[in-house]
Amino acid sequence: MAFGGSTDGGFSINQLLNMRFAAQVVRGRWFMVFACLVILSASGATYIFGIYSKDIKSSLGYNQQTLNTLSFFKDLGANVGILSGLINEVTPPWVVLSMGAVMNLFGYLMIYLAITGRTARPHPWLMCLYICVGANSQSFANTGALVTCVKNFPGSRGVVLGLLKGFVGLSGAIFTQLYLAFYGDDSKSLVLLIAWLPAAVSIIFVHTIRIIPYNSSQGTKIKPFFCFLYISIALAIYLLIMIVLQQLVTFSSSAFAISASILILILFLPLAVVIKEEVKILIERNRSLEIPPIITIEKPSPVSPPLPSSSPETNSSSKPFSCITNMFKPPARGDDYSILQTLVSTDMLVLFFATVCGVGGTLTAIDNMGQIGQSLGYPKKSINTFVSLISIWNYAGRVTSGFASEIVLTKYKFPRPLVLTLVLLLSCVGHLLIAFGVPQSLYLASVIIGFCFGAQWPLLYAIISEIFGLKYYSTLYNFGSVASPIGAYILNVRVAGHLYDVEARKQNGGSDKICMGVQCFKLSFIIITAATMLGAVVSLILVWRTRKFYSGDIYARFRESPETGEKSDRIAMEGSSVDKMEKRVGENGEDKVNTDENMEKK
């Protein structure tokens, strides 16, 4: 690597310190990945509902079924992002992110004002509306950031989904550490932090998230993603250490502040990877200046005369009928399906049902973790630890399923739907531990539930993108998310919430406020285990139907042949060389071109 004024393909220190390089970094695709990581690390507030749900229940006098109904609307808002997907189809990502920031601030701020008594006590339906609007901002953040990043790196979508979804999984633990530093052990103020922090982060990075034209030489780079992965693992380990230490040692306010400062520092470490990659791009650009421009003239191919088209009246009248007819004539797996073709596809229906069973069960456990710990006699400090552990293992599940499924798919042609089946079977173990209340088993149960909940999301989104294509991915991505609130409503509200209140009335002579003992959730989680097993069996249908598809090279279309790749790289280098020569011509008054013009004048 050369410095100073060398012209051997190196770079100078001045090139790194000027505003042009800073602009290159901010506008580059790797800074966009960093911005997506930061936005998504602040967009998972719905996963820590268990920390402040008790404040909502006590402040507003709700029973468990009402609280679970509120939790359902939270999940409904967080996962029904079809509106954000449709908006993203016709607008740039910054519009979607800006709308999400406004919705987040409004929804959670109104909840904070309600539980602190700063406004009149709202009706339950109004609280459901507030939390639905606030949680729906998460789907706007996911659509604006994650979908854009997948489209910019289509050949590494499993890795991209696992990494980005991993940061969403960590966001719960990140929020917990930050609110302890900002507000102390005041869980009501956590809602205030959830209101302003994600909105502020989205607004700061809103103009750096955009679709960048796909380039095969950049799009297939996998090493930077592994660097991001290692940093995220360090962040997860740090959060885990802090959670354990805060369980064993009483932290002062200054200790919480130091802990949060280190957390923010680790969170911004990916910026070093971004700068390193942009320096490599700068070096390649400087080296390209040494290659003389090559200009080739291609003879245009003869254009065949256009075929006679039918009359406009015929086309306009047959268009709606052809749309309905084509709905039941889908393309081959891996090609771009239309939205209607996807909705009626057997593959989507099978995947959707399996996700309803799997995600619905694990989400029920996560949302009720506070009440589960309370009913089994765990102290409040331990309950907060369970919630934080779920965030850590939620991250581990997302990253593991994204990276591991990509590796085994590429090397061994191991189908991704089969990985989903294995994850569903593993989650049954966590449900059974909760159902039978094994002493001190809630720690292990929170690990299994968090891991399996996180692992299902990258698998779901990757399978959708692989089978149905990327053309309408913004909408199809959010359609897959609808499975979560449906499963949560059936298993959380109608099963867990109802059976909890029935048991509470038995214990308290008609009052349904608090239930204590293993019986509170035993029958609920036995039913949830049976539903999850059914989902695993159904997912095997998708494994069978897609076995031939996954046995081939599903990413072949995103890879260019070596000759084509070299040609595109050479053309890019030649173009930058021509630009540089034109600049030199404009700056050097004694250039040969100018000298020839002076000779003619004389």
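Each remark here, short or long, concerns the structure printed above.
A few points on the structure.

## Some words on the overall build of the protein
The number of helices and strands found in the protein is 27 helices and zero strands. Long-range contacts, defined here as pairs at least 24 residues apart, represent 83% of the contacts in the protein between residues at least 6 apart.

## Structural notes on the environment of V274
Here V274 lies in helix α14 (residues 270–288). What makes V274 buried here is its relative accessible area of 0%. Taking the C-alpha atoms as reference points, V274 and W30, separated by 244 residues in sequence, lie 5.4 Å from one another.

## Section: the packing of aromatic side chains
One pass over the full model with this rule turns up 28 aromatic pairs. Aromatic pair Y378 and Y443: ring centres 6.3 Å apart, planes at 80 degrees, arrangement edge-to-face. With Y378 in the loop between α18 (369–375) and α19 (380–412) and Y443 in helix α21 (residues 442–468), this pair connects stretches of sequence that are 65 residues apart. Look at Y443 and you get partly exposed, because its relative accessible area is 28%. A centroid spacing of 5.1 Å and a plane angle of 75 degrees characterise the contact between F549 and Y550, whose relative ring orientation is edge-to-face. Each member of the pair, F549 as well as Y550, carries the same accessibility label: buried. An aromatic cluster of at least three residues, connected via ring pairs, comprises F453, W457, Y461, Y473 and Y477. A cation sits over an aromatic face here: R29 above F153, 5.4 Å from the ring centre.

## What to know about helix α13 (residues 253–267)
Helix length check: α13, at 15 residues, gives a terminal C-alpha distance of 21 Å against a target of 21 Å (1.5 Å per residue), a fit within 8%. Considered for burial, the residues of α13 that qualify are F256, S259, A260, L263, I266 and L267. Projection of α13 onto a plane perpendicular to its axis shows the buried side chains occupying an angular sector of 120 degrees, all on one side. Exposed positions of α13 whose direction lies more than 90 degrees from the buried face are I258 and L265. Packed against the buried residues of α13 are α3 (29–41), α9 (157–183), α12 (223–248) and α14.

## Considering helix α20 (residues 416–436)
In a regular helix each residue adds 1.5 Å, so 21 residues correspond to 30 Å; α20 covers 32 Å between its end C-alpha atoms and thus fits that length. One or two positions beyond α20, positive phi appears at G437, with a value near 55 degrees.

## Observations regarding unusual backbone geometry
We note that K413 has phi near 60 degrees; this positive angle belongs to a residue other than glycine. Taking relative accessible area as the criterion, K413 reaches 33% and is therefore assigned partly exposed. Positive phi outside glycine occurs at Q440, with the angle close to 60 degrees. With respect to the secondary-structure elements, Q440 resides in the loop between α20 and α21. The class for Q440 is exposed, based on a relative accessible area of 55%.

## Looking at the pattern of salt bridges
This model, assessed by the stated rule, comprises seven salt bridges. Where salt bridges share partners, they join K74, D75 and D367 into one cluster.

## Notes on the state of the cysteines
Taken as a whole and assessed by the stated rule, the structure comprises one disulfide. A sulfur-sulfur separation of 2.0 Å characterises the disulfide bridge that pairs C515 with C520. A torsion of -95 degrees about the S-S bond marks the disulfide between C515 and C520 as left-handed. Residue classification places C515 among the buried residues on the basis of a relative accessible area of 0%. On the basis of relative accessible area, C520 is assigned to the buried category, the value being 2%. Free cysteine C428: the closest other cysteine sulfur is in C452, separated by 8.7 Å. With a relative accessible area of 5%, C428 lands in the buried category.

## A closer look at the packing of helix α7 (residues 93–115) against helix α8 (residues 124–152)
In a pair of packed helices, the angle between the axes and the distance between the axes together describe the arrangement. Between α7 and α8, the shortest axis-to-axis distance is 7 Å and the interhelical angle comes to 155 degrees. Here α8 runs roughly antiparallel to α7, going by the angle between their axes. Between α7 and α8 lies a crossing of left-handed hand. Residue classes in the contact of α7 with α8 are distributed as 18 nonpolar, nine polar and no charged.

## What to know about the environment of I243
Tracing the backbone shows I243 in helix α12. I243 sits in the buried class, given a relative accessible area of 5%. For the pair I243 and N384, spaced 141 residues apart in sequence, the C-alpha separation works out to 9.2 Å. In this structure I243 touches Q177, T385, S388, L389 and I392, once residues within four positions along its chain are discounted.

## Section: the packing of α9 against α19
Between α9 and α19, whose axes approach to 7 Å, the crossing angle comes to 175 degrees. Between α9 and α19, the angle is such that the two are roughly antiparallel. Grouping the amino acids of the contact of α9 with α19 by side-chain chemistry returns 10 nonpolar, 10 polar and three charged.

## As for a nonpolar patch on the surface
Taken together, the side chains of L432, F436, V438, L523, I526 and I527 make up a nonpolar region of the molecular surface, amounting to roughly 490 Å² of accessible area. Only α20 and α24 (519–545) provide two or more residues apiece to the nonpolar patch. Top contributing element to the nonpolar patch by residue count: α24, with three residues. Note on placement: L523 falls in helix α24.

## Some remarks on the environment of S261
Residue position: S261 is located in helix α13. Residue S261 is classed as partly exposed on the basis of its relative accessible area of 47%.

## Details of the side chain of S189
Looking at the secondary structure, you find S189 in helix α10 (residues 187–205). Among the residues examined, S189 registers a relative accessible area of 7% and is labelled buried. Excluding residues that lie within four positions of it along the chain, S189 makes contacts with Y112 and Y183.

## Some remarks on the side chain of Q138
Take Q138: it is sitting in helix α8. Judged by its relative accessible area of 7%, Q138 is buried. A distance of 2.8 Å separates polar atoms of two side chains, one belonging to Q138 and the other to T46. Filtering out sequence-adjacent residues up to four positions away, Q138 remains in contact with S43, G44, A45, T46, Y47 and A78.

Rules used throughout
Residues numbered from 1 in each chain as written. Predicted model: local features only at pLDDT ≥ 70, side-chain atom pairs only at ≥ 80, totals over all residues. Heavy atoms only, no water. Helix = DSSP H or I, 4+ residues; strand = E, 2+ residues; numbered from the N terminus. Contact = heavy atoms within 4.5 Å. Buried < 20%, exposed > 50% of the residue type's maximum accessible area, 1.4 Å probe, protein only. Phe/Tyr/Trp six-rings, centres within 6.5 Å; stacked < 30°, edge-to-face > 60°. Lys NZ or Arg CZ within 6 Å of the ring centre and 35° of its normal. Expected span 1.5 Å × (residues − 1). Arc of directions from axis to C-beta. Salt bridge = Lys/Arg side-chain N within 4 Å of Asp/Glu carboxyl O. Disulfide = S-S within 2.5 Å. Axes fitted to C-alpha atoms, helices over the stretch in contact; angles between N-to-C directions. Parallel < 35°, antiparallel > 145°, perpendicular 65-115°, else oblique. Left-handed = near helix turned anticlockwise from the far one by under 90°. Nonpolar A, V, L, I, M, F, W, Y, C, P; charged D, E, K, R; others polar. Patch = residues over 30% accessible without salt bridge, like charges linked within 9 Å, V, L, I, M, F, W, Y side chains within 5 Å. Areas by Shrake-Rupley, 256 points an atom, 1.4 Å probe, with all protein chains shown as cover. Polar contact = N/O pair within 3.5 Å; in protein donor to acceptor, adjacent residues only side chain to side chain.

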